[in-house]
Amino acid sequence: MLLIAGLGNPGQGYAKNRHNIGFMAVDEIARRWGFSPARSRFQSLAQEGAIETPEGPVRALILKPQTYYNESGRAVGEALKFFKLKPADLVVFYDEIDLAPGRFRMKTGGGAAGNNGIRSVAAQVGPDFRRARLGTGHPGQKELVHGHVLSDFHKVEMKWVEPLLQACADALPLLALGEDEKYQAEVMRLAPAEKVDPRKAARGD
């Protein structure tokens, strides 16, 4: 079984924030693969379904923790323990300011790089879970980060946000089979984005 968690903040006021692109990604996955309606479970909105792969269907549970972003680990840890899953069975979709807008990277393990949601998950389940990092760009200066991640995507940015979310959903069978590198490559093939240094781009360097 695969546990797919998206990070974000609950409530309509946060729905279009950059910090909520993890929620947006798992919503698109649930829609694309016909998951069940959401219900309250594990301090989250949870949806059940299956991902069709060449090797047969893979059962999956999508979680959108309702604990607020920085406490996401409480919800994710509860679900992981309940199903007796290993960190390798967990994929977390979240916003990554150190990737240019529209870039996508898979990673297993490592530090939190200042992301409190990831730090919270690691505190509950250990660091060795799989991370689906959705590039949202950097505002250029550290003191601007908080406002940046809690601001809404501009209408013009949806030209790259929507294709990226659709690519994450369409390529999902590769993720379900544990082919993380191939999944990353397929997402970027379906939704190409320019590779630039997000800090330099923000400063106009």
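If you look at the biggest cluster of nonpolar residues, it comprises 37 residues, and the most contacted ones within it are Ile4, Ile21, Ile51, Phe93, Phe104 and Tyr183. At 7 residues, the largest contribution of residues to this core is made by helix α5 (residues 158-170). Among all residues touching Ile51, those that are not within four sequence positions of it are Leu2, Ile4, Trp33, Phe35, Gly56, Pro57, Val58, Ala60, Leu172, Pro173 and Ala176. Core analysis: the second largest hydrophobic core is formed by 20 residues, Ala46, Leu63, Tyr69 and Ala112 among them.

Here we take up the packing of aromatic side chains. Inspection of every chain in the model, using the stated rule, returns 6 aromatic pairs. Seen in terms of ring centroids, Tyr14 and Tyr68 are 6.2 Å apart; in terms of plane orientation they differ by 80°. Their pairing is edge-to-face. Here Tyr14, found in the loop between β1 (2-6) and α1 (21-32), pairs with Tyr68, found in the loop between β4 (58-65) and α2 (72-82); they are 54 residues apart in sequence, far enough to count as distant. Ring geometry for Phe153 versus Trp160: centroids 5.7 Å apart, planes at 85°, classification edge-to-face. Among the aromatic residues, those joined into a ring-pair cluster are Phe42, Phe82 and Phe83. A cation over a ring is seen here: Lys64 above Phe23, with NZ or CZ 5.1 Å from the ring centre.

On a regular strand, one side chain projects to one face of the sheet and the next to the other, so that they alternate. β4 sits mainly inside the fold: 7 of its 8 residues count as buried. As defined by bridge partners, β1 adjoins β4 across 4 bridges and the pair is classed as parallel. Among the inter-strand pairings, Leu3 is bridged to a residue of β4, identified as Leu61. One ladder, built from 8 bridges, connects strand β3 (residues 44-51) with β4; its direction is antiparallel. When the bridges of β4 are listed, Gly49 appears paired with Ala60. The turn joining β3 and β4, which pair antiparallel and follow one another in sequence, is formed by 6 residues; a positive phi near 105° is taken by Gly56.

Parameters and conventions
Residues numbered from 1 in each chain as written. Predicted model: local features only at pLDDT ≥ 70, side-chain atom pairs only at ≥ 80, totals over all residues. Heavy atoms only, no water. Core = buried A, V, L, I, M, F, W, Y, C linked by side-chain atoms within 4.5 Å. Buried < 20%, exposed > 50% of the residue type's maximum accessible area, 1.4 Å probe, protein only. Helix = DSSP H or I, 4+ residues; strand = E, 2+ residues; numbered from the N terminus. Contact = heavy atoms within 4.5 Å. Phe/Tyr/Trp six-rings, centres within 6.5 Å; stacked < 30°, edge-to-face > 60°. Lys NZ or Arg CZ within 6 Å of the ring centre and 35° of its normal. Pairing = 2+ DSSP bridges.

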